[in-house]
Amino acid sequence: MLLVSNIGRKDRGRHSGSESAMTWIMQVPPPTLPTYRRKPQQDFRCYRGPMDAVADPALAAWLTEVRAAPAIPPSLAQIRRLRAPRPREAGPGLSEVRGIEIPAREDPIGERRGGGTRAGTGSITDHVPLRARLYRSGPEALSLTVFVHGGGFVFGGLESHDRLCRRLALLAGTAVLAVDYRLAPEHPAPAAVDDVMRALEWVASRPKELGQLLPGTGLAGDSAGGLIAYLAACGLAGTPALPDVLFLAYPNADLSLSLQSVSEKGEGWGLSVQDLAFYIAQWVPDASLLGKFSPVEVARAQPLPVRTLLATAGHDPLRDEGKLLAEELARGGTGVEYRPHPDLVHGFLTLDAVSPAARHAGDSLLAAYGALLSHTAMLRRDRNAPPDAPNGAT
């Protein structure tokens with residue numbers, strides 16, 4: 001069973017917030033699963049479609065600029081340009097934002113688990129400290145969210161998602177630890193997954209560097225970061241480091257790029273599937289392994305007992321695979337809240353300065369995640385409280 005929050009434009013005007021939108025329970029039908037292989041010379045020329053169904057005029061204007069820009073074929077040189085520093089709009093102020101170093105380990109992750117992460121292909125040593133950034137809205141005890149940025153597995157980092165992490169800390173009421181994981185092609189899969197697993201294991205020890213923390217940990221990621229976060233959680237199943245809540249925003253979930261929304265929305269909507277196919281090939285060079293790193297396939301073989309909030313955008317090539325992942329998780333017994341956003345585009349959480357509708361949807365989504373994390377953490381505290389402890393105190 002899958003809880004679906006139907007967030008449409010007509011509902012937004014009437015209810016003034018996604019938390020008041022209509023919800024219902026949907027019976028999950030049997031899946032139609034893709035074949036996990038990259039087709040030779042795959043053609044992603046797609047119909048761009050009219051923009052009369054986008055959320056607001058500001059988003060339509062942004063898409064017009066996207067469509068007017070000259071097409072640049074994906075390449076390693078393009079990836080280097082995308083990694084170059086550039087000015088970014090500042091995010092909201094917080095009481096504490098500082099760099100953190102996650103300590104190095106002497107023993108490889110794979111050796112500690114008997115031969116590699118469950119999603120991976122073998123052990124990857126982690127003898128180098130891992131950079132991260134901590135965001136806190138105050139000194140009081142807070143829940144913690146480990147955040148995994150998007151960027152097609154090949155770019156992005158602490159700066160690209162700084163504004164989003166600040167909003168997450170404020171709107172969800174959580175401390176945020178953003179992880180600067182290793183990027184492809186220098187570090188193909190499963191390096192990024194192993195980095196996030198290492199961060200979660202360190203967080204599980206509640207190190208003093210993170211300040212006062214409440215019980216319970218969330219794991220959040222957008223786009224490629226959503227895929228990495230999901231695989232990291234799978235790799236930690238059955239361990240104390242397994243997160244309590246997953247928040248996946250328009251995640252990559254089918255690396256074969258074989259579902260219908262890829263052809264419907266593959267070009268002209270802000271995320272180029274031509275580019276994405278190239279980036280995926282850098283992260284998983286062996287096409288025969290695409291299924292091993294695709295969450296919709298992993299979810300069929302390995303149920304994940306972690307409450308999940310999953311959001312998609314209607315004008316997004318990844319829309320159908322995100323929805324399919326929500327269905328697969330629900331079918332495996334995971335509690336899933338699926339939130340479609342039919343008139344938004346991929347990456348809307350980072351378009352808050354562009355589109356009022358994107359900002360409103362993002363604010364509501366981040367607040368909903370915060371409520372889910374808070375509720376889950378409260379249940380965990382109550383379970384762990386001694387029988388004679390009042391109000392769940394420990």
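Residues numbered from 1 in each chain as written. Predicted model: local features only at pLDDT ≥ 70, side-chain atom pairs only at ≥ 80, totals over all residues. Heavy atoms only, no water.

**Regarding the pattern of salt bridges**
Step number 1: Enumeration according to the criterion identifies 16 salt bridges in this entry.
Step number 2: For arginine 133, the salt bridge goes to aspartate 162, with nearest N and O atoms at 3.1 Å. Taken as a pair, arginine 133 in strand 4 (residues 130–136) and aspartate 162 in helix 5 (residues 162–172) lie far apart in primary sequence, 29 residues in all. Take arginine 133 and aspartate 162: they sit in the same class, and that class is buried.
Step number 3: Notably, a salt bridge pairs lysine 323 with glutamate 327, separated by 2.6 Å at the nearest N-O pair. Placement of both lysine 323 and glutamate 327 in helix 11 (residues 319–331) is noted, with a separation of four residues, approximately one turn of the helix. (Salt bridge = Lys/Arg side-chain N within 4 Å of Asp/Glu carboxyl O. Helix = DSSP H or I, 4+ residues; strand = E, 2+ residues; numbered from the N terminus. Buried < 20%, exposed > 50% of the residue type's maximum accessible area, 1.4 Å probe, protein only.)

**Description of helix 11**
Step number 1: For helix 11, spanning 13 residues, the distance from its first C-alpha to its last is 19 Å, which sits close to the expected 18 Å at 1.5 Å a residue.
Step number 2: Counting buried positions along helix 11 yields ten of 13 residues, so the element is predominantly enclosed.
Step number 3: Every buried residue of helix 11 is listed here: Arg319, Glu321, Gly322, Leu324, Leu325, Ala326, Glu327, Glu328, Leu329 and Ala330.
Step number 4: Following helix 11 by one or two positions, glycine 333 adopts a phi angle in the positive range, close to 100°. (Expected span 1.5 Å × (residues − 1).)

**Regarding the nonpolar core**
Step number 1: Of all hydrophobic cores here, the largest spans 75 residues; its most connected members are Leu177, Leu219, Ile228, Tyr230, Leu255 and Trp283.
Step number 2: Top contributing element to this core by residue count: helix 7 (residues 224–235), with nine residues.
Step number 3: Those residues within four positions of tryptophan 283 in sequence are excluded, and the remaining contacts are Phe153, Ala184, His187, Pro188, Ala189, Ala192, Val193, Leu227, Ile228, Leu231, Leu255 and Phe293.
Step number 4: In this structure, Phe147, Val176, Ala178 and Val245 belong to the second largest nonpolar core, which totals 39 residues. (Core = buried A, V, L, I, M, F, W, Y, C linked by side-chain atoms within 4.5 Å. Contact = heavy atoms within 4.5 Å.)

**Here we look at unusual backbone geometry**
Step number 1: The step from alanine 184 to proline 185 runs through a cis peptide bond, and the omega angle for that step is 5°.
Step number 2: Along the chain, proline 185 falls in the loop between strand 6 (174–179) and helix 6 (191–204).
Step number 3: Of note, the bond from alanine 189 into proline 190 is cis; its omega dihedral lies within 30 degrees of zero at 10°.
Step number 4: Residues other than glycine seldom take positive phi values, yet arginine 206 does so here, at roughly 50°.
Step number 5: Mapped onto the elements, arginine 206 comes out in the loop between helix 6 and strand 7 (213–222).
Step number 6: According to the relative accessible area criterion, arginine 206 is partly exposed, its value standing at 29%.

**Focus: the packing of aromatic side chains**
Step number 1: Taken as a whole, this structure holds six aromatic pairs when the rule is applied.
Step number 2: Relative to tyrosine 279, the ring of phenylalanine 155 has its centre 5.9 Å away and its plane inclined at 75°; by these criteria the two rings are edge-to-face. In this pair, phenylalanine 155 sits in the loop between strand 5 (142–148) and helix 5 while tyrosine 279 sits in helix 9 (residues 273–283), placing the two residues 124 residues apart along the sequence.
Step number 3: For phenylalanine 155, a relative accessible area of 22% gives the class partly exposed.
Step number 4: On the numbers, 6.4 Å between centres and 70° between planes, the contact of phenylalanine 278 with tyrosine 279 is edge-to-face.
Step number 5: Through a chain of ring-to-ring contacts, the aromatic side chains of Phe153, Trp283 and Phe293 assemble into a single cluster.
Step number 6: Its end group placed over the ring of tryptophan 269, arginine 67 keeps NZ or CZ at 4.6 Å from the ring centre. (Phe/Tyr/Trp six-rings, centres within 6.5 Å; stacked < 30°, edge-to-face > 60°. Lys NZ or Arg CZ within 6 Å of the ring centre and 35° of its normal.)

Just distances and angles here, no functional claims.
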